[in-house]
Amino acid sequence: MSAPTVGPDAGPAGAAGPAVLADQDGPVTRLVINRPHRQNSLTAEDVALLRDALERAAADPRTRAVVLEGSGGSLCTGMDLAELSADDDTDAGGEFFDLLRRLTEVPVTVVAAVDGRAVGGGVGLAAACDLVIATERSSFSLPEALWGLLPCNILPFLVRRVGFQRAYAMTLSTASVSAADARLSGLVDEVEGPHGQQLRRLLGRVTKLDRPTVAEAKAYCAGLAPIPDTARAHAGEVFARLLASPVVRTRIDNFVHHQRMPWEG
């Protein structure tokens, strides 16, 4: 088993090394989002690192499955608001959309293993993966509307996975969805047992599939429920317009600099 790491060492107090960890174990590559000191929120650089790690894993002919997980009790909590506060001209949203699309295209089975929170972009990562396994303590939420934003890059993938109304309800309610309820909606495929047996059983099956078969299955099924070619540009336009609002900028800045939530005034 090899355990390479991806990305520079994290510097802030409480950081835990590289932002993305990659571990090859036979036909399975594990990619771990490793920013627990930032609740596994992603900067633009982190998105690029995760995309690069995914592409390397997919290019390795030994790989049959990629497991995407997070450290510290979260899969991912979306974009790093500190970076968003400092730079409103970033294309991180577009790059994140491209990452989600690649998850749906690479010729290996991608499994999201959620153990804890998936918030905002974390829901997008789960929705774009081929299969999702979550522990009982896991939860899923889209809080963007509380800031005056929308999960623009996430919704095309979430709608494809769970249908319009469930995705719409998550967007407007901003409420947290339990693993059990996410299983009923189709966002989660299996709720994990106490010893990880569901994930082991699943990997035992999907690693028996040939890569060309997986590629054909993903391409064929994508054609049955296509994401429009215009989705990326439209998501970027709407998100940029909402982000330009002085009210939204103030809410983000207040959180970054004063840890004040948007509903606290």
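Further up the page is the structure itself.
Participant: Quick one: what's the story with the sheet that holds strand β9 (residues 139–141), residue by residue and with numbers?
Facilitator: Strands sit in the order β5-β7-β9-β10 across an open sheet of 4 strands; the sheet is mixed. Looking at which strands have only one partner, the edges of the open sheet turn out to be β5 (74–76) and β10 (177–178). The pairing of β5 with strand β7 (residues 117–119) spans 2 bridges and is parallel. Counterpart to cysteine 76 in the pairing with β7 is alanine 118. Relative to β5, helix α4 (residues 121–128) is tilted by about 85°, and along the sheet it contacts β5, β7 and β9.

Participant: I'd like to hear about the packing of α4 against helix α6 (residues 155–162), residue by residue, with values.
Facilitator: Viewed as axis vectors pointing N to C, α4 and α6 meet at an angle of 50°, and their least axial separation amounts to 8 Å. It follows that α4 is oblique to α6 by the angle criterion. Crossing handedness for the pair α4 and α6: left-handed. Contacts from Val123, Ala126, Ala127 and Ala128 in α4 reach Phe157, Leu158 and Arg161 in α6. The class makeup of the residues in the contact of α4 with α6 is 6 nonpolar, no polar and 1 charged.

Participant: Report on the packing of aromatic side chains, specifying residues and quantitative values.
Facilitator: Under the defined criterion, the tally for this structure stands at 3 aromatic pairs. With a centroid separation of 5.4 Å and an interplanar angle of 80°, the aromatic rings of tryptophan 147 and phenylalanine 255 are classed as edge-to-face. Pair noted here: tryptophan 147 is in helix α5 (residues 144–147) and phenylalanine 255 is in helix α12 (residues 246–258), with a separation of 108 residues, a long-range link.

Participant: Please provide a residue-by-residue account of unusual backbone geometry, values included.
Facilitator: The phi dihedral of asparagine 40 is positive, around 60°, even though this residue is not glycine. Among the secondary structure elements, asparagine 40 is positioned in the loop between β3 (28–33) and α1 (44–59). At glutamine 259, a residue that is not glycine, the phi angle is positive and equals roughly 55°. Secondary-structure assignment places glutamine 259 in the segment after α12. Residue class for glutamine 259 comes out exposed when judged on its relative accessible area of 56%.

Participant: Outline the environment of asparagine 254, supporting the account with residue identities and numerical values.
Facilitator: Counting through the fold element by element, asparagine 254 comes out in helix α12. It is 47 Å that separates the C-alpha atoms of asparagine 254 and glycine 26, two residues lying 228 residues apart in sequence.

Participant: Can you tell me about the nonpolar core, naming the residues and giving the values?
Facilitator: If you look at the biggest cluster of nonpolar residues, it comprises 51 residues, and the most contacted ones within it are Val123, Leu125, Phe140 and Leu158. Sorting elements by how many residues they give to this core places α1 first, with 7 residues. Those residues within four positions of leucine 158 in sequence are excluded, and the remaining contacts are Val123, Ala127, Leu142, Gly163, Ala167, Met170 and Leu187. Leu81, Trp147, Cys152 and Ile252 belong to the second largest nonpolar core, which has 12 residues in total.

Rules behind the numbers
- Residues numbered from 1 in each chain as written.
- Predicted model: local features only at pLDDT ≥ 70, side-chain atom pairs only at ≥ 80, totals over all residues.
- Heavy atoms only, no water.
- Pairing = 2+ DSSP bridges.
- Helix = DSSP H or I, 4+ residues; strand = E, 2+ residues; numbered from the N terminus.
- Contact = heavy atoms within 4.5 Å.
- Axes fitted to C-alpha atoms, helices over the stretch in contact; angles between N-to-C directions.
- Parallel < 35°, antiparallel > 145°, perpendicular 65-115°, else oblique.
- Left-handed = near helix turned anticlockwise from the far one by under 90°.
- Nonpolar A, V, L, I, M, F, W, Y, C, P; charged D, E, K, R; others polar.
- Phe/Tyr/Trp six-rings, centres within 6.5 Å; stacked < 30°, edge-to-face > 60°.
- Buried < 20%, exposed > 50% of the residue type's maximum accessible area, 1.4 Å probe, protein only.
- Core = buried A, V, L, I, M, F, W, Y, C linked by side-chain atoms within 4.5 Å.

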